[in-house]
Amino acid sequence: MEKKWYRLDNAAKIFPVTKNSMWSNNFRVSVTLNEKIDPERLQKALEMTLPRFPNFSLTMKKGLFWYYLEHREGCPQVSEDAANPLRRFRTNKNRFLFRVRYYERRIAVEMFHVIADGNSSMLFLKTLAANYLRLGGVEIPNTHGVLDINEKPSDEEMEDSYQKYASFRVNKPRKERKAYHPKGVELKYNEIKIITGQINLRKLSEKSKEYKATITEFLCALLIKCFLDRQEREGARKKKPVKICIPVNLRSFYPSKSFRNFVLYTNPGVDPAYGNYTFEEIITQVHHFMGLNINEKNMNAMMSTNISSERNPFLKLLPLFIKNFGMLVAYRMYGESLTTCTFSNIGKMTLPDEMMPYVERFDFILNRQRNNAHAVSAVGFKDRLNITFTSKLVDSDLERDFFTSLVKMGIPVKIESNKNYEGE
Amino acid sequence: MSYCVNCGVELRESESHCPLCDTKVVNPRKPYNENAERAYPRRYDVVLPAENRMMTALLATILTFLPALTCVIVDYVISEKATWSLYVAIAMGVLWSFVLPLVVVTKHRAVISLLIGTVSLSLGLFLIEKLVPVKGWFMPLALPIVVCAAFFILIIILAAKYVVFGVLKMMAFFFSFTALMVVVIEIVTDMYIDNSVQLQWSLAAFVPLVLVSLVLLIIERKKRVKDEMRKKFHI
Ligand SMILES: [Zn+2]
């Protein structure tokens, strides 16, 4: 039987190029239930869920000109969680590009960004959790992002929506200044620091409204403020702009059903070269920047620009290893160096009512970018928003600054982390 | 419910210290419970060094030994014994021992490469002494120079890596060390030539180098001079 294969979508093309022996662009979504996870039952639930998501049954191969994704049979084994999650993905030997892990009451799905983005991974996680609960005798309908496992996957779910919806004709220039990057002592190569703050969603929403901003804008502005203060403390002679990379889910502009990547980015920020910004000024700046940039026309222009370089016949015909080199150079110039950190808010999760009592919380963790020190991600559920900082730095000054600022504004925060204080 | 007295955030029951500021949790009413469910297990995933590195090492090995081998074969075919090609082989071997640690080792690469490379360079020079007709220069001349140079480079690498200097201070340090190295090399050569030390050419390098580093240090110390310089020489 001939194996089905897929081209990498436009956003995914960079991920195999930038990954190295220590790091790959991955993220994880997890759900905490109210009882201890049974690994055997979870394995069964995974075997039930996997056929519904063909983009998870993929492995990455090298072609002469491009990488490609190939269908593979079988189902990975669920594994125990670890203190250093988000371990890099290796792509040789027909490996799966995701893993399912369990710990106490939590089910986590870790993904290599090549096969899906956070939004579609949440569908997978919800369906997996629903199947797990069903195996325990709970009746759950297929609504609110829980997919029907008896339904046949459609071609639309595997489409490259960038190719389908990009229609703009002009190349949008992408010249931007390099952003500030924090300095500090780094952790060991196999370690990652994760600090999660659980925040009262109602109070956060009220506070954001006070500043006439959305929750994402408010948090993004606070993050910018913390980075500006850090840069000030570091005492660099020449201050660089602080810019935050905000992923934008394009499914809100187009009727795409794709399970694969369909996100773009916008980079709000402020430049301390213009003077000292107050928090209000930062919020205003972020709010208007987002309003100006996050719209269908602008996103389409960005998407079309990205695709036009991929469609260029000369570039297309370069052998893969030359292309890789060129893409790495381009990534150095236009990639993460333009932003200080990524902040992805995946929004508020909903579930079928029948499932609600069994689920305590959702978490969303973004791996930091290859050279950037931090990444921040958020997901809401019930009355709380969980904000997670991943970092490669030993010090937690930025995280402390961020969360204590919230406390000072009257928004309670509950902190947890993967730090080990053994022997103290 | 425990709070960090320093940050004012609530802490998960399993946290013995505040993750934000490392302050120990103090709550007489509710002492830290070691058995509380932790956010993450204590166990670490093993992250193996990548196979890629080994591939690069293999590639580096092939790239250095293939030319050497080719030379030996060509030499042997033409003159029916290996003569000049042995020097190529020795040079490539020395080069390889500098490069390989850079590829294989993950930490302290520069230092390890320097140490292994120095040993193999000395060995290479020793072998060359055996091959050439002129003898007796390895022990008194080549070996001391190699060891001194390696020592100075080692100090400079360590300073650049582990001591946080400003740019000016680092340059001053580099110049004064180079000055010292030049003098030591002349001492070694003088001893080899006529067993007596008379510093000549090295002083011509030593004096300006030391002067430059002194000037740099003065500029570094005097903020006023620094500002003046910046004013006059700004780009
Ligand atoms: Zn604290």
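The structure this text deals with has already been given above.
What this report covers is the structure whose coordinates are included nearby.

So, how was this worked out
Residues numbered from 1 in each chain as written. Chains lettered and ligands numbered in written order. Predicted model: local features only at pLDDT ≥ 70, side-chain atom pairs only at ≥ 80, totals over all residues. Heavy atoms only, no water. Helix = DSSP H or I, 4+ residues; strand = E, 2+ residues; numbered from the N terminus. Buried < 20%, exposed > 50% of the residue type's maximum accessible area, 1.4 Å probe, protein only. Pairing = 2+ DSSP bridges. Axes fitted to C-alpha atoms, helices over the stretch in contact; angles between N-to-C directions. Phe/Tyr/Trp six-rings, centres within 6.5 Å; stacked < 30°, edge-to-face > 60°. Lys NZ or Arg CZ within 6 Å of the ring centre and 35° of its normal. Contact = heavy atoms within 4.5 Å. Buried area = accessible area lost by both parts, 1.4 Å probe. Salt bridge = Lys/Arg side-chain N within 4 Å of Asp/Glu carboxyl O. Polar contact = N/O pair within 3.5 Å; in protein donor to acceptor, adjacent residues only side chain to side chain. Nonpolar A, V, L, I, M, F, W, Y, C, P; charged D, E, K, R; others polar. Donors = N, O, S within 2.8 Å, 3.2 Å for Na, K, Ca; no water. Tetrahedral: all angles 85-135°; square planar, octahedral: opposite > 155°, others 65-115°.

## Thoughts on unusual backbone geometry
Residues and elements named next belong to chain A.
Right, on to step 1. One non-glycine residue, Glu104, lies in positive phi territory at about 50°.
Right, on to step 2. Backbone geometry places His144, a non-glycine residue, at a positive phi of 55°.
Right, on to step 3. Following the sequence through the fold, His144 ends up in the loop between α3 (118-135) and α4 (161-165).
Right, on to step 4. By relative accessible area, which is 42% here, His144 ends up partly exposed.

## What about the sheet that holds strand β4 (residues 67-71) of chain A?
Residues and elements named next belong to chain A.
Right, on to step 1. Strand order in the open sheet formed by 3 strands is β1-β4-β3, and the pairing between neighbours is antiparallel. Of all the strands in the sheet, just β1 (5-7) and β3 (58-62) have a single pairing partner and so form its edges. Going from strand to strand, the sheet's axes swing by 35° on average, the running direction of each strand aside.
Right, on to step 2. Pairing geometry for β1 and β4, over 3 bridges, is antiparallel. What sits directly across from Arg7, in β4, is Tyr68.

## Some remarks on the packing of aromatic side chains
Residues and elements named next belong to chain A.
Right, on to step 1. With the rule as written, the count across this model stands at 28 aromatic pairs over all chains.
Right, on to step 2. Aromatic pair Phe56 and Phe124: ring centres 3.9 Å apart, planes at 10°, arrangement stacked. Linking Phe56 in the loop between α2 (39-49) and β3 with Phe124 in helix α3, this pair joins segments that are 68 residues apart in sequence.
Right, on to step 3. Ring geometry for Tyr180 versus Phe227: centroids 6.4 Å apart, planes at 70°, classification edge-to-face. Highlighted residues: Tyr180 in the loop between α4 and β8 (193-200) and Phe227 in helix α6 (residues 215-234), separated in sequence by 47 residues.
Right, on to step 4. Using a relative accessible area of 0% as the deciding quantity, one classes Phe227 as buried.
Right, on to step 5. Over the ring of Trp66 we find Lys13, and its NZ or CZ is 4.8 Å from the ring centre.
Right, on to step 6. Between the NZ or CZ atom of Arg99 and the centre of the ring of Phe89, over which it lies, the distance is 4.1 Å.

## With respect to the interface of chain B and chain A
Right, on to step 1. Contact with chain B, which involves 32 residues of that partner, is made by 45 residues of chain A.
Right, on to step 2. When the buried surface of chain B facing chain A is broken down by residue, Leu20, Tyr40 and Val47 of chain B rank first, second and third, together holding 21% of it.
Right, on to step 3. Linking chain B to chain A there are 6 salt bridges.
Right, on to step 4. The residue Glu416 of chain A makes a salt bridge to Arg12 of chain B at a minimum N-O spacing of 2.8 Å.
Right, on to step 5. Seen at the junction of chain B and chain A, the total is 21 residue pairs in polar contact (both at pLDDT 80 or more).
Right, on to step 6. When grouped by side-chain class, the residues that make up the side of chain B that touches chain A number 15 nonpolar, 4 polar and 13 charged.
Right, on to step 7. The pairing of strand β16 (residues 413-417) of chain A with strand β2 (residues 10-11) of chain B spans 2 bridges and is parallel. Each residue of the ladder has a partner; that of Ile415 of chain A, found in β2 of chain B, is Leu11 of chain B.

## Let's talk about the coordination of the zinc ion
Right, on to step 1. Bound to the zinc ion on the protein side are Cys4 of chain B (SG), Cys7 of chain B (SG), Cys18 of chain B (SG) and Cys21 of chain B (SG), at distances that span 2.2 to 2.3 Å.
Right, on to step 2. Metal-centred angles of 103 to 116° between the 4 donor atoms at the zinc ion mark the site as tetrahedral.

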